[in-house]
Amino acid sequence: MSTDLDALFMARTIALSREHMRAGHGGPFGAVVVLDGKVVSEGWNQVTSTNDPTAHAEVVAIRRACTALNRFDLRGATLYTSCEPCPMCLCSALWARVDRIVYANTRDDAAAIGFDDAPFYAEMVRAPAVTMARMDHAPSDEAWEVFREWAAKPDKVEY
């Protein structure tokens, strides 16, 4: 259900996507993180300008929001984005515990202009042995010991 505030925040998201696309910072994507009716952070695609394949608008906005709020948890926040999040961005939002995602363009719209994430969506449901990037399981007692140590660590910060 869209509200007037949704329209306002989406307009800002779309303006960011246009402004930074035109400035040559990256693809036509923008994102805004909102908490308690206020913009906490903004992000735009910076993949090509920073040579960082993870610098999608949503990830940039999530990183900035967590820094601004001095926490790794964005419960209560809404992520506005100019396009349906790719698998990486969706997982990032879920890991950040974002409560709601509002997007404008769909993944099919993105595919129509050359941003086809279909192979990555398909990859998410494949078994590790048959992924696009070869994955080899190399069991390690030492690695498992680190996990056991974490599990027993009394002062750990769970996330």
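Structure's up top.
Residues numbered from 1 in each chain as written. Predicted model: local features only at pLDDT ≥ 70, side-chain atom pairs only at ≥ 80, totals over all residues. Heavy atoms only, no water.

1. Quick look at the overall build of the protein
What counts here: Here a helix means four or more residues in a row that DSSP labels H or I, a strand means two or more in a row labelled E, and each is numbered from the N terminus. Buried means the residue's accessible area, taken with a 1.4 Å probe over protein chains only, is under 20% of the maximum for its type, while exposed means over 50%, and partly exposed covers the values in between. Two residues form a contact once any of their heavy atoms are found within 4.5 Å. Using the Shrake-Rupley algorithm and a 1.4 Å probe, accessible areas are obtained, with residue cover drawn only from the displayed protein chains. Asp and Glu count as negative and Lys and Arg as positive, but His and the ends of the chain are not part of the count. Taken as the charge location is NZ of Lys, CZ of Arg, CG of Asp or CD of Glu.
Along the backbone of the protein there are seven helices and four strands. For the protein, the spread of C-alpha atoms along the principal axes amounts to about 50 × 35 × 30 Å. Looking at the protein residue by residue over its 159 residues, the buried ones come to 33%. Look at the contacts in the protein between residues 6 or more apart in sequence, and 46% of them connect residues 24 or more apart. Surface summary for the protein: the accessible area is close to 10200 Å², and the carbon and sulfur share equals 58%. Across the protein, the mean location of the 16 positive side-chain charges is 3 Å away from that of the 22 negative side-chain charges.

2. Examining the nonpolar core
How we decide: Take the buried residues of types Ala, Val, Leu, Ile, Met, Phe, Trp, Tyr and Cys, join any two whose side-chain atoms come within 4.5 Å, and each joined set is a nonpolar core.
By size, the foremost hydrophobic cluster in this structure holds 17 residues, and its most contacted members are Val33, Ile62, Leu74, Leu79 and Val98. Within the residue set of this core, elements represented by two or more residues are β1 (30–35), α3 (57–69) and β3 (77–83). It is α3 that contributes the most residues to this core, five residues altogether. Sequence-distant contacts of Val33, defined by excluding residues within four places in its chain, comprise Lys38, Val39, Val40, Ser41, Ala61, Ile62, Ala65, Leu74, Ala77, Thr78 and Leu79. Membership of the second largest hydrophobic core comes to eight residues, among which are Leu16, Val34, Trp44 and Tyr80.

3. Let's talk about the packing of aromatic side chains
We count it as follows: In this scheme Phe, Tyr and Trp rings, the latter by its six-membered ring, pair at centre separations within 6.5 Å, and the angle between planes marks the pair as stacked below 30 degrees, edge-to-face above 60, and tilted otherwise. Any Lys NZ or Arg CZ that is within 6 Å of a ring centre and within 35 degrees of that ring's normal is treated as a charge sitting over the ring.
Per the counting criterion, the structure on display carries two aromatic pairs. Both rings, one in Phe9 and one in Tyr80, keep their centres 5.3 Å apart while their planes meet at 50°; by these two values the pair is tilted. In this pair, Phe9 is assigned in helix α1 (residues 4–22) and Tyr80 in strand β3, connecting sequence segments 71 residues apart. Side by side, Phe9 and Tyr80 carry an identical accessibility label, which is buried. Ring centres 4.9 Å apart and planes at 90° place the aromatic pair Phe29 and Phe115 in the edge-to-face group. Of this pair, Phe29 sits in the loop between α1 and β1 while Phe115 sits in the loop between α5 (107–112) and α6 (118–123), and the two are 86 residues apart along the sequence. By relative accessible area, which is 33% here, Phe115 ends up partly exposed. Above the face of the Trp44 ring, Arg64 is positioned so that its terminal group lies 4.6 Å from the ring centre. Over the aromatic face of Tyr121 sits the side chain of Arg107, whose NZ or CZ is 3.7 Å from the ring centroid.

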